[in-house]
Amino acid sequence: MTDENILRASIKGKVVSWYPLDGNLNDVAGGNNLNIGVSSAGYAAGKHGQMLLKNSRAAGLLASPFPLTTSNALSIGGWIYYDGTAASLNLFGLSFDFSAKNTAFNMAVTAAGAVHPGSYPNTTDDQYFVETPAFTIRRFPVTVRVTDSAGNKATSEQVIAIGGFPPTAGFYFVVARFIGQTIDVFVNGSLAAASVPPMPTPRAGLVSYFQIGQQFGSANTNCGLDELFFCQAALTEEEISWLYNDGDGRSYFELG
């Protein structure tokens, strides 16, 4: 296991922006405050401090726009509070501009309780994404004990995941990574699904904004949001697990 101080330093070195959403839309890591097209539904108690309530929308211009290429590595994530509302076209993430099909890399949540990170890498309808029914899965800890023919015994602690339940309201920690041509998604610290390359050829324009909700069409969020971040690098599985912190989460200031 990596030393905790090394994990903190590694994550902090990858973070471009971090939005605690404690009563405002400020970026405490990189100064990319969300001050464009703001429509805030207010704040309430969140995972850490406050969270931004659903039915909100805002955007911020990145200080350092960058191209989307198959050599990119990106991570977006944070805590979302799901309560069974309708689908969101764009819950949060990165965009090229504010036109249709503007998504560079975003997180969405469907009405059925599925987590759906994806991209419209060019100006066509060719969305590249992965989807997992994260909020309809229940996990049950079990202990497996076996004895072989010689009388040798072994015990293994495991978790059984069963899908198909109605979506459950509550906080979920979601992280999506864009690595080359693959998008994968972690839910509550565990890898849930990954896309299958190849992806469409990305456009030449720059990734220029971070959005909550979607400015195009004035589409608001369908979930509460807390402790959002994006990295212009891929977080490791160990780093994602550390940020999840067994369900307690982390704040930016815990990175040191």
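Whatever comes next refers back to the structure up there.
Note that the coordinates shown come from a computational prediction; the quantities given were computed from them, not determined experimentally.

Asks: How would you explain the pattern of salt bridges if you had to name every residue and give the values?
Replies: Counted according to the given criterion, the structure contains 7 salt bridges. A salt bridge links Arg250 to Glu4; its shortest N-O distance comes to 3.8 Å. Of this pair, Arg250 sits in the segment after α2 (237-244) while Glu4 sits in helix α1 (residues 4-14), and the two are 246 residues apart along the sequence. A salt bridge links Asp97 to Arg203, with the nearest nitrogen and oxygen atoms 4.0 Å apart. With Asp97 in the loop between β7 (92-95) and β8 (103-109) and Arg203 in the loop between β15 (190-194) and β16 (206-212), this residue pair connects regions lying 106 residues apart in the sequence. Overlapping salt bridges, with partners in common, bring together Glu4, Arg8, Arg250 and Glu254 in one network.

Asks: How would you summarise empty space enclosed by the protein if you had to cite specific residues and measurements?
Replies: Within this structure, the stated rule accounts for 1 cavity of 30 Å³ or more. Looking at the largest cavity, its volume works out to about 30 Å³. Around the largest cavity, the lining residues are Trp18, Trp79, Phe173, Glu227, Phe229, Leu243, Gly249 and Arg250.

Asks: Pulling in residues and values, what's your account of the pairing of β15?
Replies: A regular strand places its side chains so that they alternate between the two faces of the sheet. Bridge count between strand β14 (residues 182-187) and β15: 4 bridges; the pairing is antiparallel. Residue pairing across strands places Asp184 opposite Ala194, the latter belonging to β15. From the end of β14 to the start of β15, which pair antiparallel, there are 2 residues, and Asn188 there has a positive phi angle of about 50°.

Asks: Please provide a residue-by-residue account of the nonpolar core, values included.
Replies: Ranked by internal contacts, the top residues of the largest apolar core, which has 42 residues, are Ile80, Phe92, Leu94, Phe210 and Ile212. Put simply, the parts of the chain that give this core at least two residues each are β5 (57-67), β6 (73-82), β7, β8, β13 (170-179), β14, β16 and β17 (224-231). Filtering out sequence-adjacent residues up to four positions away, Ile80 remains in contact with Leu91, Phe92, Val109, Phe135, Gly170, Phe171, Tyr172, Val174, Cys223, Gly224 and Leu225. Residues Phe186, Phe229, Trp242 and Tyr252 belong to the second largest nonpolar core, which totals 17 residues.

Asks: Requested: an account of the sheet that holds β7, with residues and values cited.
Replies: Spatially, β2-β5-β16-β7-β8-β9-β10 is the arrangement adopted by the 7 strands of the open sheet, whose pairing is antiparallel. Taken across any chain shown, the strands that pair with only one partner, and hence form the sheet edges, are β2 (36-39) and β10 (128-129). The sheet contact formed by strand β9 (residues 115-119) and β10 spans 2 bridges and is antiparallel. Pairing of Gly118 across the sheet is with Phe129, part of β10.

What counts, and where the lines are drawn
Residues numbered from 1 in each chain as written. Predicted model: local features only at pLDDT ≥ 70, side-chain atom pairs only at ≥ 80, totals over all residues. Heavy atoms only, no water. Salt bridge = Lys/Arg side-chain N within 4 Å of Asp/Glu carboxyl O. Helix = DSSP H or I, 4+ residues; strand = E, 2+ residues; numbered from the N terminus. 1 Å grid on protein atoms, 1.4 Å probe; cavity = no way out; pocket = protein on both sides within 12 Å on 5 of 7 lines; lining within 4 Å. Points joined across faces, edges and corners; volume = space filled by probe spheres on them. Pairing = 2+ DSSP bridges. Core = buried A, V, L, I, M, F, W, Y, C linked by side-chain atoms within 4.5 Å. Buried < 20%, exposed > 50% of the residue type's maximum accessible area, 1.4 Å probe, protein only. Contact = heavy atoms within 4.5 Å.

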